[in-house]
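# A structural walkthrough
So you can see what is in the structure, the chains are spelled out below.
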Amino acid sequence: MKPSSSLLYIQRSSFILLLWSGMAVAQLTDASLTDQNGNVDAPGGLISRSLQDQIGPGRGDDTVFGASLFLIARDPARSIRRGRQLFQRKFSVAEGLGPRVNDFSEGDITQARALGAGLSDSCAACHGRPRGSAGFGGDVVTRPDSRDAPHLFGLGIIEQLADEMTGQLRLLRTDVIAAAQQNQSSVTVDLTAKGVDFGRLTAEPDGSVDTSEVSGVDPDLRVRPFFHQGGTMSIREFVIGAFNDEMGLQAWDPVLCAATDPNNAQVMVSPSGFVFDPAEDSIERPKVCDAMTDGDGDLITNEIDPALVDHLEFYLLNYFKPGTYRSSGFTRFGKRLMRQIGCTSCHVEELVIESDRRVADVETVFDRQRGIFNDLFATASTQFEVVDDGQPFPLLVAEGNAFVVKNFFSDLKRHDLGPNFHERDFDGSRVTMFVTEPLWGVGSTAPYGHDGRSINLDAVIRRHGGEAAASSRAYRRLPRSGQLAITDFLQTLVLFPPDDTASNLNPGNPGSGDPQNPDNHGSINLGALFQTDDGAE
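From a predicted model like this one, the values you see are computed outputs, not experimental measurements. (Residues numbered from 1 in each chain as written. Predicted model: local features only at pLDDT ≥ 70, side-chain atom pairs only at ≥ 80, totals over all residues. Heavy atoms only, no water.)

## Remarks on the overall build of the chain
- Scanning the chain from terminus to terminus reveals 12 helices and 22 strands.
- For the chain, the residues scored as buried account for 55% of the 537 residues in total.
- A fraction of 67% describes how many contacts in the chain between residues 6 or more apart in sequence connect residues 24 or more apart.
- For the chain, the exposed surface amounts to about 21900 Å²; the carbon and sulfur share of it is 52%. (Helix = DSSP H or I, 4+ residues; strand = E, 2+ residues; numbered from the N terminus. Buried < 20%, exposed > 50% of the residue type's maximum accessible area, 1.4 Å probe, protein only. Contact = heavy atoms within 4.5 Å. Areas by Shrake-Rupley, 256 points an atom, 1.4 Å probe, with all protein chains shown as cover.)

In structure tokens form, the structure reads like this:
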């Protein structure tokens, strides 16, 4: 049975309601949640589905109703809802939580860095601020000076920008090798991706390349945007690694396991559209690659089903980007000063995604009238096409349009910021190169630096040296009013609690009833307003 045109319209118009309710659940009692099984029912404070219910029929394919591949392809809002609840879920020992490294969490930390990661029972334990978000807040001692957990707002945008930059750099490499072979002489090319300079590459007639002048990226030209030093290229690897290192939960993943098979590695594409090519990249292999292996000796297997990884990856691909708070002539002056003193040579203000894989976007801005609780108002919009492929439910496919990423402020390139940013490691070595931190959200995330050692924005700007020394000196030479203009502008780049931010989906009801009731100040929880056909997530 094919869907009627009216059904297609309903799916498009109601998708955005489900999307937002999937990213925000009102009245969170903690940064992370347990499910209702074995707990007193507390509406809005617990997850309705058990872990097994969220797994459903597993991965399946896009024709198996309820499978993760089906939901991502045909009911993406529900996949996002499940990803959000998995992110907030408190896992239990019975589900495989811990030990994070081995039976006793003992060993040589120079060989097993995860020994310093701590043990969390939820993604939200490290990424739970602002309340109910995929934000910041955690700290791990994987280095002697510790590492702060960054916020995850806009994570899918960052992954896409880095992946497209990688593609552009590698296309330049392919072209210069072809030119050298055709000319039978050395040929050098400037490596530029999305306007960012990554040095130069020289190709020889025999097909070899000299990468000695490549800068800010590894010789393989893969832009790795995750972790402060630029260690991971994809959300999927990030999720599986965090499950293992921070929570002692092993995910057996057919995508990464096939792409890293030592005997027959294959090109794999994740359900969220990331391409893993073992011929091009070094890919992180999961600790276990089947449902029967006990990777941490806790006598529990199949701890994280691949369907759960699919939902979390898709949720984070589509997660909100940060918002912007109140702007004024003074803050706009601060933004101009940032350009004048050279901050934006590395903290690049805008980049463009050429083909956006997300199915929705949310724009969150200062609005004193409509932003009832926190002076912020969010406008959500869909970015998908409805494709009738003859199945009972149509495909909802990302439009793949270009997208301008505003107020981003990063080049996703590694830089040396001088001794004040250099990081000690347990083996006595020092890490000197770090990826430019995107500044969106920076107004909400003190303290600053990869190690959280700078207490405010003024301090972290003054801390810059090395490649940023000239800009830092120029900042220190500004009159106090100029410095304040810059830091006041940066304070307008904010994160927000989804549960407490009014939107075009639920503008709220000011002055009515209990002011602590999120629905009265514009809560964006729509779980009680719109039930899916098989109940709440």
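## As for the state of the cysteines
- Inspection of every chain in the model, using the stated rule, returns 1 disulfide.
- C257 shares a disulfide with C289; S-S distance 2.0 Å. Taking the sign of the torsion about the S-S bond as the criterion, the disulfide between C257 and C289, at about -90°, is left-handed. You can see C257 sitting in helix 7 (residues 254–259) and its partner C289 sitting in the loop between strand 9 (275–276) and helix 8 (306–317), a full 32 residues away along the chain.
- On the basis of relative accessibility, which here comes to 9%, the residue C257 falls in the buried class.
- Residue C123 stays outside any disulfide, its sulfur separated by 9.0 Å from that of C126, the closest cysteine.
- Summary of cysteine pairing: C346 is not part of a disulfide, and the nearest cysteine sulfur, belonging to C343, is at 9.3 Å. (Disulfide = S-S within 2.5 Å.)

## Here we look at unusual backbone geometry
- In this structure, P130 follows R129 across a cis peptide bond, with omega equal to 0°.
- Summarising the element assignment, P130 is placed in the loop between strand 1 (127–129) and strand 2 (136–137).
- The linkage connecting A446 with the following residue, P447, adopts the cis geometry, with an omega of -5°.
- Tracing the chain through its elements places P447 in the loop between strand 20 (433–435) and helix 10 (457–463).
- In this structure, K194 is a non-glycine residue whose phi angle is positive, near 50°.
- On the secondary structure map, K194 appears in the loop between strand 5 (187–193) and strand 6 (196–203).
- Backbone geometry places N302, a non-glycine residue, at a positive phi of 50°.

## Side note on the pattern of salt bridges
- The full count for this structure, using the stated rule, is 34 salt bridges.
- A salt bridge links D75 to R78; the shortest N-O distance between them is 2.9 Å. With respect to class, D75 is no different from R78; both count as buried.
- Residues R170 and E280 are paired through a salt bridge, measuring 3.7 Å at the closest nitrogen-oxygen approach. Here R170, found in helix 5 (residues 155–183), pairs with E280, found in the loop between strand 9 and helix 8; they are 110 residues apart in sequence, far enough to count as distant.
- Taken together, the salt bridges that share partners define one network made up of D163, R170, R173, R222, E280 and D281. (Salt bridge = Lys/Arg side-chain N within 4 Å of Asp/Glu carboxyl O.)

## Some details on the packing of helix 4 (residues 76–88) against helix 8
- Packing of helix 4 against helix 8 leaves a shortest axis separation of 7 Å and a crossing angle of 100°. Here helix 4 lies roughly perpendicular to helix 8, going by the angle between them. On the side of helix 4, the interface is formed by P76, S79, I80, R82, G83, R84, L86 and F87, while helix 8 contributes L308, H311, L312, F314, Y315 and L316.
- Residue composition of the contact of helix 4 with helix 8, by class: 9 nonpolar, 3 polar and 2 charged. (Axes fitted to C-alpha atoms, helices over the stretch in contact; angles between N-to-C directions. Parallel < 35°, antiparallel > 145°, perpendicular 65-115°, else oblique. Nonpolar A, V, L, I, M, F, W, Y, C, P; charged D, E, K, R; others polar.)

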